[in-house]
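One-letter residues, chain by chain:
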Number of protein chains: 2
Amino acid sequence: MAVTIYKIAEKAGVSSSTVARVLRGDLKESWKGTSERAARIRQIAEEMGYQPNLRARAFSRGKTHGIALLYTNDAWIFEGVNSQVVNSFVRALRAQGYHLVFVPVDSDGEWEEIVRGGQVDGCMMLQRMPKSVNDVLKETGLPIVVLGDNADPALPHVTVDDFGGAFSATKHLLSLGHQRVGLFVHSTIKPHCSVEQRRAGYESALDEANLESQLFWRVSENEVVDVLIRAEKRPTALLCYSDLEATMIVHAMWKYGIKIPDELSVVGFNDSFATRHMTPPLTSVAYDAEKLGEIGADLLFKQMSAPSFSVDQPAAIQINQKLNVRGSTGPAHLK
Amino acid sequence: MAVTIYKIAEKAGVSSSTVARVLRGDLKESWKGTSERAARIRQIAEEMGYQPNLRARAFSRGKTHGIALLYTNDAWIFEGVNSQVVNSFVRALRAQGYHLVFVPVDSDGEWEEIVRGGQVDGCMMLQRMPKSVNDVLKETGLPIVVLGDNADPALPHVTVDDFGGAFSATKHLLSLGHQRVGLFVHSTIKPHCSVEQRRAGYESALDEANLESQLFWRVSENEVVDVLIRAEKRPTALLCYSDLEATMIVHAMWKYGIKIPDELSVVGFNDSFATRHMTPPLTSVAYDAEKLGEIGADLLFKQMSAPSFSVDQPAAIQINQKLNVRGSTGPAHLK
DNA sequence: ATGAAAGCGCTAACAG
DNA sequence: CTGTTAGCGCTTTCAT
């Protein structure tokens with residue numbers, strides 16, 4: 001049988017509340033006699049190997065200190081930069097005594113029990129959820145934060161300035177003299193706000209320069225490569241939706257003997273580890289993943305401390321992107 | 001105020017125990033009158049939007065249905081194949097009504113409160129933990145499973161046959177006529193059992209063939225590349241600790257115009273997604289990550305159902321590796 | 001099969 | 001500051 005505050009109280013000859021208060025540090029201990037007794041209680045607790053029962057505490061307080069990470073797609077949460085976001089989010093939670101609970105959203109509805117049954121005190125999402133899921137979440141009134149998507153503006157969210165990122169990346173290419181700049185989004189990319197935003201930023205920059213866009217929209221890498229190696233008016237620069245696309249292209253270009261950046265400039269997104277070690281290192285647009293996680297956690301904590309928060313006006317925060325210029329982009333050499 | 005079994009009991013004119021039993025399905029409902037009443041209770045619960053309070057249940061039952069994923073290193077749990085293991089582990093837990101809780105093991109000792117305070121019913125680890133951590137875990141008596149490492153044989157674990165994997169990969173290279181086969185382990189690789197096992201498998205295969213090993217042990221890729229492009233007796237085949245090393249090497253070879261597999265055969269480990277799409281696709285040794293996660297969950301559940309399980313004899317399970325031969329390995333062309 | 005009642009261990013409101 | 005007391009909502013005896 002585990003050690004409880006009652007056992008300690010008995011041994012110390014005080015009431016259980018006193019023990020609880022002392023061990024929780026809820027006491028000023030101003031007077032000398034008090035602090036001596038407190039010390040004795042702590043000592044006894046230590047000796048008996050007391051450990052607060054977190055289940056009882058959760059029950060009594062009505063809080064588990066758990067935050068759900070809701071996700072519908074296995075791989076997504078681990079993909080590239082997302083894992084960094086999750087890591088920093090976990091750290092931020094931990095700093096406040098909270099922990100992350102993995103909750104895959106499947107058809108069997110177990111996620112709903114967890115969310116409705118008070119197994120967690122809040123929810124985080126890294127992707128857009130079906131409307132039915134959002135509805136349930138709103139019903140529960142739990143604090144919520146969505147990272148990297150704003151499909152449902154009624155949910156507090158932190159997004160990334162993908163428009164700005166794509167815009168400045170395109171500008172960078174234009175400033176290098178490129179006249180034909182393509183945008184490549186692979187067919188496997190799931191729809192979420194950053195796709196559209198990046199496209200808009202890209203097109204906007206081209207518009208300003210009175211140049212035409214050249215979209216490779218939701219196609220396989222082969223279709224892009226075909227154009228890059230054969231077409232008369234092939235792009236001399238390619239903005240890729242992510243570093244994954246960029247990597248595919250760079251590989252293919254090597255294979256066909258097309259030099260980067262001399263014959264093709266390539267820009268990626270997310271600045272993943274591997275691409276910094278490519279030859280040449282990849283120019284890439286990226287945001288501060290750590291920061292995204294931290295801000296997300298903050299937003300959650302704000303809601304927890306101010307119940308009316310999310311009702312009044314859902315928060316919408318946006319963080320910047322930065323263009324990291326490396327070796328994969330260079331001046332245009334037009335034929 | 002949330003709907004409780006008492007509210008339902010009142011409305012249905014029965015006792016709370018009956019409600020609890022009906023809703024939990026603890027009833028045979030053999031007699032007609034009984035089953036009718038049960039139906040009515042269910043109906044009322046439904047109408048009132050009853051949702052069992054999981055905190056109360058956890059408190060009462062003494063189980064949270066949470067399993068901790070303990071880890072000391074951020075990136076590790078998300079790296080390559082590990083994410084697949086975690087995913088399948090989560091699915092297996094979920095199938096039994098359990099969920100995964102992220103518990104970073106840091107110096108502040110919060111992990112200890114979680115583990116000792118009964119916030120979780122069991123623990124999983126994907127890497128070796130400091131002895132002090134293992135000791136605490138043993139003390140709690142919680143079910144435990146370690147995936148991919150067996151540093152502490154007293155802990156139930158599931159490992160991968162890295163010896164066999166490296167052995168058969170090396171055999172494959174030898175059968176292609178290679179006489180100088182190197183092994184490359186990058187300097188960033190953390191020590192764990194697979195490193196040693198792969199080395200042993202590699203050396204064992206070479207021993208059998210009376211060939212000398214050529215180790216690139218915990219070095220940077222540049223040191224390996226230097227040898228590969230310059231050395232007189234350079235290896236004609238290279239076994240890499242993981243696909244990451246293999247990718248680095250393949251890139252570098254491209255850069256220096258060394259053809260793969262004609263001038264160098266390369267084998268990786270883990271068969272990660274990206275390397276299947278390399279040019280040429282990478283020959284790689286891999287295990288079934290899904291299976292590892294499932295077996296791990298099984299092992300945990302076995303311990304939960306049989307309290308004496310882990311005391312009697314800690315379980316040690318090993319799963320096979322498979323060599324996936326692709327384009328990056330070919331016949332040796334000795335100069 | 002059902003109901004009454006006693007926990008589970010901690011928190012919090014209330015008197016003293 | 002301390003002790004008493006009443007929950008928190010469900011599970012689990014133990015009678016009936």
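Rules of the game
Residues numbered from 1 in each chain as written. Chains lettered and ligands numbered in written order. Predicted model: local features only at pLDDT ≥ 70, side-chain atom pairs only at ≥ 80, totals over all residues. Heavy atoms only, no water. Helix = DSSP H or I, 4+ residues; strand = E, 2+ residues; numbered from the N terminus. Buried < 20%, exposed > 50% of the residue type's maximum accessible area, 1.4 Å probe, protein only. Contact = heavy atoms within 4.5 Å. Areas by Shrake-Rupley, 256 points an atom, 1.4 Å probe, with all protein chains shown as cover. Expected span 1.5 Å × (residues − 1). Arc of directions from axis to C-beta. Axes fitted to C-alpha atoms, helices over the stretch in contact; angles between N-to-C directions. Parallel < 35°, antiparallel > 145°, perpendicular 65-115°, else oblique. Left-handed = near helix turned anticlockwise from the far one by under 90°. Salt bridge = Lys/Arg side-chain N within 4 Å of Asp/Glu carboxyl O.

Participant: Is there a simple way to explain the overall build of chain A in this structure?
Facilitator: Along chain A, the regular secondary structure elements total 14 helices and twelve strands. Projected onto its principal axes, the C-alpha coordinates of chain A cover approximately 90 × 40 × 35 Å. Here chain A, with 335 residues, has 52% of them falling under the buried criterion. For chain A, restricting intrachain contacts to residue pairs at least 6 apart in sequence, the fraction spanning at least 24 positions comes to 70%. Of the roughly 15,200 Å² of accessible surface on chain A, a fraction of 49% belongs to carbon and sulfur atoms.

Participant: Even after reading the chapter, I still don't get helix 3 (residues 32-48) of chain B, so can you show me in this structure?
Facilitator: An α-helix turns once per 3.6 residues; consequently, residues spaced three or four apart project the same way. All names here are of chain B. Its 17 residues give helix 3 an end-to-end C-alpha distance of 25 Å, which sits within 8% of 24 Å, the value for a rise of 1.5 Å per residue. Turning to helix 3, its buried residues number three or more, namely A38, I41, I44 and A45. Buried residues of helix 3, seen end-on, are gathered within an arc of 125° and therefore sit on one face of the element. In helix 3, the exposed residues that point more than 90 degrees away from the buried face are K32, E46 and E47. The inward-facing, buried residues of helix 3 abut helix 1 (5-12) and helix 2 (16-24). Looking at the residues trailing helix 3, positive phi occurs at G49, about 70°.

Participant: Help me understand the packing of helix 10 (residues 221-230) of chain B against helix 11 (residues 243-255) of chain B in this model?
Facilitator: The description of two packed helices rests on the angle between their axes and on the distance between the axes. Residue and element names in this part refer to chain B. Between helix 10 and helix 11, the shortest axis-to-axis distance is 10 Å and the interhelical angle comes to 45°. Of the possible angle classes, the one that applies to helix 10 and helix 11 is oblique. In terms of crossing hand, the pair formed by helix 10 and helix 11 is right-handed. Residues E221, V224, V225, L228 and I229 of helix 10 form the contact with helix 11, whose own contacting residues are M248, I249, A252 and M253.

Participant: Any chance you could explain the pattern of salt bridges here in plain terms?
Facilitator: Pairing between side chains of opposite charge can happen when the charged atoms of each approach one another. Counted by the stated rule, this structure contains 28 salt bridges over all chains. One salt bridge in this structure joins R94 of chain B and D108 of chain A, with 2.6 Å as the shortest N-O distance. Placement of R94 of chain B in helix 5 (residues 81-95) and of D108 of chain A in the loop between strand 2 (99-104) and helix 6 (110-116) is noted, with the two residues assigned to different chains. Two residues, D271 of chain B and R326 of chain B, come together in a salt bridge whose shortest N-O distance is 3.0 Å. Separated by 55 residues along the polypeptide, D271 of chain B in the loop between strand 9 (265-269) and helix 12 (273-276) and R326 of chain B in the segment after strand 12 (322-324) bring together distant segments of the chain. What makes D271 of chain B buried here is its relative accessible area of 12%. Residue class for R326 of chain B comes out partly exposed when judged on its relative accessible area of 23%. Ionic contacts of the salt-bridge type, sharing partners, join the residues R94 of chain A together with D106, D108 and E110 of chain B into one network.

These values are about where atoms sit, not about what they do.
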